[in-house]
Amino acid sequence: MSITTLSSLRDYLYGTLTPENMLWLATQLTERAKRVEDEQLKPFTMHEIDEMLDEAEAAFEAGDYLTNDEVFHRHKEVVAV
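Residues numbered from 1 in each chain as written. Predicted model: local features only at pLDDT ≥ 70, side-chain atom pairs only at ≥ 80, totals over all residues. Heavy atoms only, no water.

## Notes on the overall build of the protein chain
Of regular secondary structure, the protein chain possesses four helices and zero strands. The globule rule puts the C-alpha radius of gyration for 81 residues at 12 Å, and the 24 Å found for the protein chain is more than 25% above it. The dimensions of the protein chain, computed from C-alpha atoms along their principal axes, are 65 × 40 × 25 Å. Evaluated residue by residue, the protein chain yields a buried proportion of 0% over its 81 residues. Of the roughly 7900 Å² that the protein chain leaves accessible, carbon and sulfur atoms contribute 60%. With 7 positive and 17 negative side-chain charges, the protein chain shows a separation of 12 Å between the mean positions of the two kinds. (Helix = DSSP H or I, 4+ residues; strand = E, 2+ residues; numbered from the N terminus. Rg over C-alpha atoms; globule rule 2.2 N^0.38 Å. Buried < 20%, exposed > 50% of the residue type's maximum accessible area, 1.4 Å probe, protein only. Areas by Shrake-Rupley, 256 points an atom, 1.4 Å probe, with all protein chains shown as cover. Lys, Arg positive; Asp, Glu negative; His and termini not counted. Charge placed at Lys NZ, Arg CZ, Asp CG, Glu CD.)

Next comes the structure, spelled out in structure tokens:
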């Protein structure tokens, strides 16, 4: 959205909302922006990636995995529901 559009929206809200409504809206927008920011993917460090690989390799060696047939069978069950 362009700065001009946002400025027009802001000016409209200035003329339309009560101070109480402005504070409420500001709180809502701030909370939403923080949630969206927190939900964005953050890059992993090499240390985190190495730990995930170690865990996956250990699980595989322990036999904790699904075969292709098991994966596709479960997929068919989920799709059928």
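## Re the pattern of salt bridges
This structure, assessed with the given rule, holds one salt bridge. Measuring nitrogen to oxygen at the nearest pair gives 3.0 Å for the salt bridge that ties R10 to D11. With a relative accessible area of 39%, R10 lands in the partly exposed category. (Salt bridge = Lys/Arg side-chain N within 4 Å of Asp/Glu carboxyl O.)

## Describing a nonpolar patch on the surface
On the surface, M1, I3, L6, L9 and Y12 cluster together to form a nonpolar patch covering roughly 600 Å² of accessible area. Structurally, M1 is set in the segment before α1 (3-16). For M1, a relative accessible area of 76% corresponds to the exposed category. (Patch = residues over 30% accessible without salt bridge, like charges linked within 9 Å, V, L, I, M, F, W, Y side chains within 5 Å.)

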